[in-house]
Structures are given as structure tokens and as C-alpha cells.
Amino acid sequence: MDELSISIPRLLMGFGHLALILAAAPLLQGFIKKSKAFWQMRQGPSILQPYRDLRKLLKKEELISEHASWIFLLAPRIGIAATIMAGLVIPNAWGWAPLSGWGDLFLFGASLGLVRLFITLSGLEGAGTFGGMGSSRELFLGLLTEPALLLGLIVLAFITQTTSLQGITSGLETISPIFIPRILALLTLGIVSIAEMGRIPVDNPDTHLELTMIHEGMLIEYSGPSLALLNFAEQVKQLLLISLLAQIVWPSGLISGSNGLLGLLWALGFAGVKVAVLGFFFATVESLFVKRRLFLLPNYLATSTASAILALVSLWFIRGQI
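Residues numbered from 1 in each chain as written. Predicted model: local features only at pLDDT ≥ 70, side-chain atom pairs only at ≥ 80, totals over all residues. Heavy atoms only, no water.

Peer 1: I'd like a description of the overall build of the protein chain, backed by residues and values.
Peer 2: A count of helical and extended segments in the protein chain gives 11 helices and 0 strands. Starting at the N terminus and ending at the C terminus, the protein chain contains elements arranged as α-α-α-α-α-α-α-α-α-α-α. Compactness check: the protein chain gives a C-alpha radius of gyration of 20 Å against a globular reference of 20 Å for 322 residues, within 12% of the reference. If you line up the protein chain on its principal axes, its C-alpha atoms span 55 × 50 × 45 Å. A burial count over the protein chain gives 50% of its 322 residues as buried. Sequence-distant contacts in the protein chain: of pairs separated by 6 or more residues, those separated by 24 or more amount to 79%. (Helix = DSSP H or I, 4+ residues; strand = E, 2+ residues; numbered from the N terminus. Rg over C-alpha atoms; globule rule 2.2 N^0.38 Å. Buried < 20%, exposed > 50% of the residue type's maximum accessible area, 1.4 Å probe, protein only. Contact = heavy atoms within 4.5 Å.)

In C-alpha cells form, the structure reads like this:
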């Protein structure tokens, strides 16, 4: 009975955690588009437009190439499922994650890697030129970003002495914000997040031009509900990365029901403000810079890897061990 009384509230909290992520992901996308429109001095689409776009795609007929196999059909389902799995280890507004435990930072990286694997395979399925080109470029970027992403998270794990993302964000509360390894790890994750989210200067999510497409090139053969799932998975992924960055920049610790309803609402509002500030920041970066050419990206992304290595070395110098 005692175990049941503990498990049911945790299960309900887990469903609430997922519902919050799934509901907020398109809203963040709409906010970023609105922020970009602000810098471009135009009205722009409604902040709710991503919800309408998803609903429109879900109602459309799906067209499938005769060259496509089961991977083409399975990739959108695996993409959204693996992204949701990644969402279960990211701390929410109250610093709590449903699957918090040892090594969940590796589960986060593996989930994003699984999404990349199936999306790149599906890009080759349609036997189209754009799909193959997009898959090739996506794997090229993944080769540069995934090691830096994991190394940046591992540095934070060494700083806080835990491999749990929930533990990392809670442990950073006691670490000075000007602690050099923390700043370098944050720089690493910031650069990698731009690449993982497919945003300028690495990729342009609003373009369908042959010479600039990366992520969109792999989705060009999709339509209807499958395209809606892929777009939704990308929106959820962006929310997860920005939420993780927000928790690292402004860690708020673990907040429970003992803090009262006002404390829970305050934490939710503060988390929303943090995510909105970072969303506005990325929209500003997109408005100030242009997309870099593909062969210049290794130099840009190598900065993140070098920053992660410097963070690890500086931590060793400061503490005398890692």
C-alpha cells in the first residue's frame, strides 16, 4: 500500500511533465518566429500558428514514394518516441525529471542520436537528390556536435559529482556562475544547441533552397501526419535543449509540494521566463547573423569541442583532480 501511494503520485507527475512539454513545444516555436518578426520590423504570424500548422498537416493525405521501405514509415514514430524519451530525463520547471537516475545524461545523448539515425536513413528512402544531400550533411554535423555535447555534459557531471541531469541542475546552485569550467561548458552547450536545433548560423529552418537545406532536406519527401510528427519532434527537441540550457544558466533547484501552491506557480512562471529569454536570444542571433557556408561549419563547431576540452582541463587544474 505504501509503495502504491508513492508510485501513483509519481506516475501522475510524470504524465504532467510530459503534457507540459508537449503543450509548450509549439508555443516556443511560435514565440521564436514572432521574435524574429519583431527584429525584421514586421507583424509576423500568430504565436499560435505552429499549433494550426500541425493540425493542418494531420488532416492532409499522406503521399509515400514507391521506393520507400518500412524505415520511411517508422522514422517519424521513432523520432517522436525517442524525443519524448529524452524529455523524461530533462528537469522540468520544478527541477524534477521522471527518469532521473545514474547516467541519464547518456540516455539523453543516445535518444537524440537515435532520432538522427532514423531521420537520416529516411532521407535516403525516397531516392531523391535533396533527401540524400540532407542526410549526408546531417551526419556530417552530427559527427561534429555529438562528441562536444556529451563532453560538455560530462564536464558538468564532474563539477557536480553526478551523471543525473536533475542532479546536475540542482548541484549547480552551489557552484559560482563565474566558475571557469562552468562557463566553458555552457559555451560548449550553447554552440552545440544552435547546431542541434538547426538554426542560423548552422542551418536555416525557414529555407527550402537546394544549397542551404540540411534538416529540411531530409523531410522533403514527407507529407501529412508523418510530416506533422517530424515537425512536432523537432519542436519538442528545441524546447528540451533550451530548457536544459535555462536550468544550467539559472538553476532553481528542486521544488516540491511543501513549497505551497504559490511556490509551485512561481517556479513555473520563472521557468517560462527563462525559456522565453533564451528563445528571444536565439531569435536575435538569427536576426543578426547569416547562415554560414557548409565548409566553414567545422571551424565554427570545433570551437565547441575546444571549449569542452578547455573546461575539462581547467577543472583539473582548479581542483587537482576530476
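Peer 1: Provide a residue-level description of helix α4 (residues 104–125), including the pertinent values.
Peer 2: With 22 residues, α4 extends 32 Å from end C-alpha to end C-alpha; this agrees with the ideal 32 Å at 1.5 Å per step. One or two steps after α4, the chain reaches A127, where phi turns positive at roughly 60°. (Expected span 1.5 Å × (residues − 1).)

Peer 1: So what about the packing of helix α9 (residues 224–249) against helix α10 (residues 260–288)? Which residues, and what values?
Peer 2: Put simply, α9 and α10 touch, their axes get as near as 9 Å, and they point 110° apart. Compared by their axis directions, α9 and α10 come out roughly perpendicular. The two elements α9 and α10 meet at a crossing, and its hand is right-handed. Contacts from L239, I242, S243, L245, A246 and Q247 of α9 reach α10 at K274, V275, L278, G279 and F282. Taken together, the residues that form the contact of α9 with α10 break down as 7 nonpolar, 3 polar and 1 charged. (Axes fitted to C-alpha atoms, helices over the stretch in contact; angles between N-to-C directions. Parallel < 35°, antiparallel > 145°, perpendicular 65-115°, else oblique. Left-handed = near helix turned anticlockwise from the far one by under 90°. Nonpolar A, V, L, I, M, F, W, Y, C, P; charged D, E, K, R; others polar.)

Peer 1: Give me the lowdown on the nonpolar core, citing residues and values where you can.
Peer 2: In terms of nonpolar packing, the biggest core is built from 70 residues, with F108, L153, L156, I159, L165, V202 and I242 touching the most fellow members. Ranked by residue count, the leading element in this core is α9, at 14 residues. With sequence-adjacent residues up to four places away left out, V202 is seen in contact with L141, I194, A195, I214, K291, L297, Y300 and L301. (Core = buried A, V, L, I, M, F, W, Y, C linked by side-chain atoms within 4.5 Å.)

Peer 1: Any chance you could break down the packing of helix α5 (residues 129–160) against helix α11 (residues 297–319) for me, citing the residues and the numbers?
Peer 2: Viewed as axis vectors pointing N to C, α5 and α11 meet at an angle of 20°, and their least axial separation amounts to 9 Å. One finds that α5 runs roughly parallel with respect to α11. Handedness of the α5/α11 crossing: left-handed. Taken together, the residues of α11 that come into contact with α5 (itself represented by F140, L141, L144, T145, A148, L151, G152, V155, F158 and I159) are L297, P298, L301, S304, T305, A308, I309, A311, L312, L315 and R319.

Peer 1: Describe in detail a nonpolar patch on the surface, supporting the description with residues and values.
Peer 2: A contiguous nonpolar patch, built from I178, I180, I183, I309, V313, W316, F317 and I318 and spanning about 820 Å² of accessible area, is present on the exposed surface. Residue assignment for the nonpolar patch shows that the elements contributing at least two residues are α7 (180–196) and α11. Considering every element that reaches the nonpolar patch, the biggest residue donor is α11, with 5 residues. Locating I309 in the fold gives a position in helix α11. (Patch = residues over 30% accessible without salt bridge, like charges linked within 9 Å, V, L, I, M, F, W, Y side chains within 5 Å. Areas by Shrake-Rupley, 256 points an atom, 1.4 Å probe, with all protein chains shown as cover. Salt bridge = Lys/Arg side-chain N within 4 Å of Asp/Glu carboxyl O.)

Peer 1: Go over the environment of Q49, please, and point to the residues and values.
Peer 2: Tracing the backbone shows Q49 in helix α2 (residues 49–59). For the pair Q49 and K34, spaced 15 residues apart in the sequence, the C-alpha separation amounts to 9.9 Å.

Peer 1: So what's going on with the environment of F179? Residues and values would help.
Peer 2: Relative to the helices and strands, F179 resides in the loop between α6 (165–171) and α7. In this structure F179 touches I159, L315, I318 and R319, once residues within four positions along its chain are discounted.

Peer 1: Mind laying out unusual backbone geometry, listing which residues take part and the relevant values?
Peer 2: Each neighbour pair has its own omega, and for I200 with P201 the value is 15°, a cis peptide bond. Looking at the element boundaries, P201 is found in the loop between α7 and α8 (215–219). Here Q161, not a glycine, exhibits a phi torsion of approximately 65°, which is positive. Within the element layout of this structure, Q161 appears in the loop between α5 and α6.

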